[in-house]
Amino acid sequence: EEALKESEKMAEEISKQAEQSGIQNQVEVDFNGQYVLLTLNGALLFDSGKSEIREDAYPLVDKIGAILTNYRSNIIEIEGHTDNVPISNAKYENNDVLSAYRAFAVKDYVLEHTALEAGKIYAAGCGEYNPVADNSTPEGRARNRRVEIKIYNSYNSN
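These numbers were taken from a predicted model, which means no experiment stands behind them.

The rules behind each value
Residues numbered from 1 in each chain as written. Predicted model: local features only at pLDDT ≥ 70, side-chain atom pairs only at ≥ 80, totals over all residues. Heavy atoms only, no water. Helix = DSSP H or I, 4+ residues; strand = E, 2+ residues; numbered from the N terminus. Contact = heavy atoms within 4.5 Å. Expected span 1.5 Å × (residues − 1). Buried < 20%, exposed > 50% of the residue type's maximum accessible area, 1.4 Å probe, protein only. Polar contact = N/O pair within 3.5 Å; in protein donor to acceptor, adjacent residues only side chain to side chain. Core = buried A, V, L, I, M, F, W, Y, C linked by side-chain atoms within 4.5 Å.

Student: Could you clarify how one ought to interpret the side chain of D83 in this entry?
Tutor: Examined against the element boundaries, D83 turns out to sit in the loop between β3 (76–81) and α4 (95–113). Excluding residues within four positions of it along the chain, D83 makes contact with N95, E128, N135, R141, N144 and R145.

And the structure:
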């Protein structure tokens, strides 16, 4: 219960910071008893089938990084997610690989542009296995292509 309260308070602070930075429409904030969840639409960050952060997304990722620096003692996990459309190009053999590269792209960018400790930030590719929407519609697939950032509360950061 205390952990949930702490997550809720963190989520309120983060929502307020997102609003002050003008990114409240680009990041979804949610929470549970373990962490606060920031969800970023993949299309804002990456071109289709690519893992390089789009140049026009740098300001957004900079603002996310600024928010994350307020939680430098917490464990932060960055997850890449894809839709279920098979990818076939020379660089990424499948969606798992693409999602991992995307997570690491965000992690590396944040580490380069903030004073956060590398040892507190983890990145993982989750592929197409945790959809938040129906993959049979273009809208659903677009929602499933996302980056999630979990900021663990103090009860779950040790």
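Student: Where do I start with the environment of S7 in this structure?
Tutor: Inspection of the secondary structure assignment puts S7 in helix α1 (residues 2–21). S7 has contacts with F31, N32, G33, Q34, Y35, V36 and N153, leaving out every residue within four places of it along the chain.

Student: What's the story with α4 in this structure? I'm lost.
Tutor: Structural remark: α-helix, 3.6 residues per turn; residues separated by three or four positions point the same way. Spanning 19 residues, α4 covers 27 Å between terminal C-alpha atoms, matching the ideal 27 Å at 1.5 Å per step. For α4, every residue scored as buried is listed here: N95, L98, S99, R102, A103, A105, V106, K107, Y109 and V110. Looking at where α4 begins, the residue whose side-chain oxygen comes 3.0 Å from the main-chain nitrogen of D96 is N94.

Student: I tried to follow the environment of D56 on my own but got confused; where do I start?
Tutor: Inspection of the secondary structure assignment puts D56 in the loop between α2 (42–45) and α3 (58–68). Along the primary structure D56 and D30 are separated by 26 residues, whereas in three dimensions their C-alpha atoms are 25 Å apart. Polar side-chain contacts of D56 include one of 2.7 Å to the side chain of R54.

Student: Would you mind showing me how to read the nonpolar core here?
Tutor: Within soluble globular proteins, side chains that are nonpolar tend to cluster in buried spots. The biggest cluster of nonpolar side chains holds 32 residues, and the ones touching the most others in it are L45, I149 and I151. At the level of secondary structure, the elements contributing two or more residues to this core comprise α1, β2 (35–41), α3, β3, α4, β4 (121–125) and β5 (146–152). Sequence-distant contacts of I151, that is, excluding residues within four places in its chain, are made with M10, I14, Q34, Y35, V36, L38, L68, Y71, N74, I75 and I76.

Purely spatial values, then, with no claim about function.
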